Amino acid sequence: MYGVLFALMFVASMGLSHAQTAKAFSFVALGDLPYGPPESAYAPYLRLIERINQAGAAFSVHLGDIKSGASECSDQLFTDQLAHFQRFTGAVVYTPGDNEWTDCHRASNGAYNPLERLAAIRHRFFVPGRSLGAAPRQLENQSNLMPPYALYVENQRWRFEDVLFATLHIVGSNNNLEARDQAAAREFFERDAANVAWIKDSFEQAAKEQARAIVFAFHADVFDSRSPWEDFPGWSGFRRTISETLLPLASKWAKPVLVVHGDSHKFRIDQPFVLAEKPLKNVTRLIVPGASDVRAVRVLITPETGFLFELISP
């Protein structure tokens, strides 16, 4: 059922008295699932959900891409995936990927208007104040907390055992930064500004609540647009959110930050982020499996050890 435990220590110091009062807990991260036709993709995905339900985690986070890039972005597809989310016996928090909206203009996807599909996702999958799953948990939504960003119900936040969690709507395909399409470009810059505001507010909230760690969850592999000279060049759709906002604030925060994403489909734990040419040792990255690799990752957070990662197979 489960794989090998992969451990990575918290490298930032936590006060001993605070660590003694904090409790260990786990959550499950998964993404880029299910991929393929229903007749072949749904059965292993449903078996994985059954395994997740047995894992005893506090909640699950789906990091987007609820379909492959070659399948249709139909209403029926959305209905199927919403039903899958409700098969989680606990709470599941979902943040969108690119396959369910930015890529939907493709003929193989049904030649949909991507912005119409995004609106449909917001309407179908997000209810302000609560997650998905059979036992939903209370959440905060940027749409409620920050009136200038009332559209962004998908940017969510919650706290569990002194750890602050936040989702960000950052997707693959260079975050949909498409200069050739004025509507797409406008959507990108508006969503980018919302994400920046949500990151800043989340760090402020974590400091106010004296959280011992922050977890950011989103879809994109933000190094996908890196150049040989820069991790986040000028054409990167991740430059402002990650390079200019999240990383400097994480450095200033100094406590542990876990960045969880999908998009690349290959399980990995590392510390690849640098700031001013220096490694950020308090920022850990987890890439979840996906696509043909139908597995999830259980993340155990303990005051003593830090992050422990365990693969879950169907």
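Residues numbered from 1 in each chain as written. Predicted model: local features only at pLDDT ≥ 70, side-chain atom pairs only at ≥ 80, totals over all residues. Heavy atoms only, no water.

A few words now on the overall build of the protein. When its secondary structure is counted, the protein shows seven helices and 16 strands. The C-alpha atoms of the protein give 18 Å as radius of gyration, which agrees with the globular expectation for 314 residues (20 Å, within 12%). Structurally, the protein occupies a C-alpha span of about 55 × 45 × 40 Å along its principal axes. Expressed as a percentage of its 314 residues, the buried residues of the protein come to 56%. The contacts of the protein with a sequence gap of at least 6 include a subset with a gap of at least 24, amounting to 74%. Distance between charge centres in the protein, computed from 31 positive and 34 negative side chains, equals 5 Å. (Helix = DSSP H or I, 4+ residues; strand = E, 2+ residues; numbered from the N terminus. Rg over C-alpha atoms; globule rule 2.2 N^0.38 Å. Buried < 20%, exposed > 50% of the residue type's maximum accessible area, 1.4 Å probe, protein only. Contact = heavy atoms within 4.5 Å. Lys, Arg positive; Asp, Glu negative; His and termini not counted. Charge placed at Lys NZ, Arg CZ, Asp CG, Glu CD.)

Where helix α2 (residues 38–54) meets helix α3 (residues 75–85), the closest approach of the two axes is 11 Å, and the angle between their N-to-C directions is 25 degrees. The pairing of α2 with α3 is recorded here as roughly parallel in orientation. Here α2 contributes Tyr42, Tyr45, Leu46 and Ile49 to the contact with α3, which in turn contributes Leu77, Asp80, Gln81, His84 and Phe85. For the contact of α2 with α3, the residue count by class is six nonpolar, two polar and one charged. (Axes fitted to C-alpha atoms, helices over the stretch in contact; angles between N-to-C directions. Parallel < 35°, antiparallel > 145°, perpendicular 65-115°, else oblique. Nonpolar A, V, L, I, M, F, W, Y, C, P; charged D, E, K, R; others polar.)

Another point: the packing of helix α6 (residues 182–209) against helix α7 (residues 239–253). The contact between α6 and α7 brings their axes to 10 Å, and the two run at 5 degrees. Classified by the interaxial angle, the pair formed by α6 and α7 is roughly parallel. Between α6 and α7, the residues in contact are Asp192, Ala193, Asn195, Val196, Ile199, Lys200, Phe203, Ala206 and Ala207 and Arg240, Thr241, Thr245, Leu246, Leu249, Ala250 and Trp253, respectively.

This brings us to the side chain of Asn176. Topologically, Asn176 is positioned in the loop between β8 (163–167) and α6. In this structure Asn176 touches Trp101, Thr102, Val171, Ala184, Glu187, Phe188 and Arg191, once residues within four positions along its chain are discounted.

Quick look at the pairing of strand β9 (residues 213–217) now. Burial within β9 is extensive, with five of its five residues counted as buried. Following the chain from β8 across α6 to the adjacent parallel β9, one finds a crossover that is right-handed. (Right-handed = clockwise from strand over helix to strand, strands pointing away.)

Enumeration over the complete set of coordinates arrives at one disulfide. The disulfide bridge from Cys73 ends at Cys104, spanning 2.0 Å between sulfur atoms. Torsion about the S-S bond of the Cys73 and Cys104 cystine: about -90 degrees, corresponding to left-handed handedness. Note that Cys73 is positioned in the loop between β3 (60–62) and α3 and Cys104 in the loop between β4 (91–94) and α4 (114–125), a separation of 31 residues in sequence. The exposure class of Cys73 is buried, given its relative accessible area of 0%. Taking relative accessible area as the criterion, Cys104 reaches 0% and is therefore assigned buried. (Disulfide = S-S within 2.5 Å.)

To continue, consider the sheet that holds strand β7 (residues 156–160). Sheet architecture is open: seven strands sit in the order β6-β7-β8-β9-β10-β14-β11, paired in mixed fashion. The open sheet is flanked by β6 (140–141) and β11 (268–270), the only strands paired with a single partner. With four bridges connecting them, β7 and β8 associate as antiparallel partners. For Trp158, the partnering residue across the bridge sits in β8 and is Phe165. This element, α6, spans β6, β7, β8, β9 and β10 (257–261) of the sheet and lies at about 170 degrees to β8. (Pairing = 2+ DSSP bridges.)

Turning to α3, a few remarks are in order. Along α3, the residues that are buried comprise Leu77, Phe78, Gln81, His84 and Phe85. Angularly, the buried residues of α3 cover 120 degrees about the axis, an arc narrow enough to put them on a single face. Turning to α3, the residues buried within the fold contact α2, β3, β4, α4 and β5 (132–133). (Arc of directions from axis to C-beta.)

Each neighbour pair has its own omega, and for Leu33 with Pro34 the value is -5 degrees, a cis peptide bond. Positive phi, normally seen in glycine, also occurs at Glu161, with a value near 45 degrees.

Positionally, Ile269 belongs in strand β11. Classification of Ile269 by relative accessible area gives partly exposed; the value is 23%. Distance from Ile269 to Val259, taken between C-alpha atoms, is 10.0 Å for residues ten residues apart in sequence.

Our next topic: the environment of Val92. Inspection of the secondary structure assignment puts Val92 in strand β4. Put simply, Val92 and Ser60 are 32 residues apart on the chain and 4.5 Å apart in space, counted from C-alpha to C-alpha. Each residue touching Val92, except ones within four places of it in the same chain, is listed here: Ser60, His62, Phe85, Ser131, Leu132 and Gly133.

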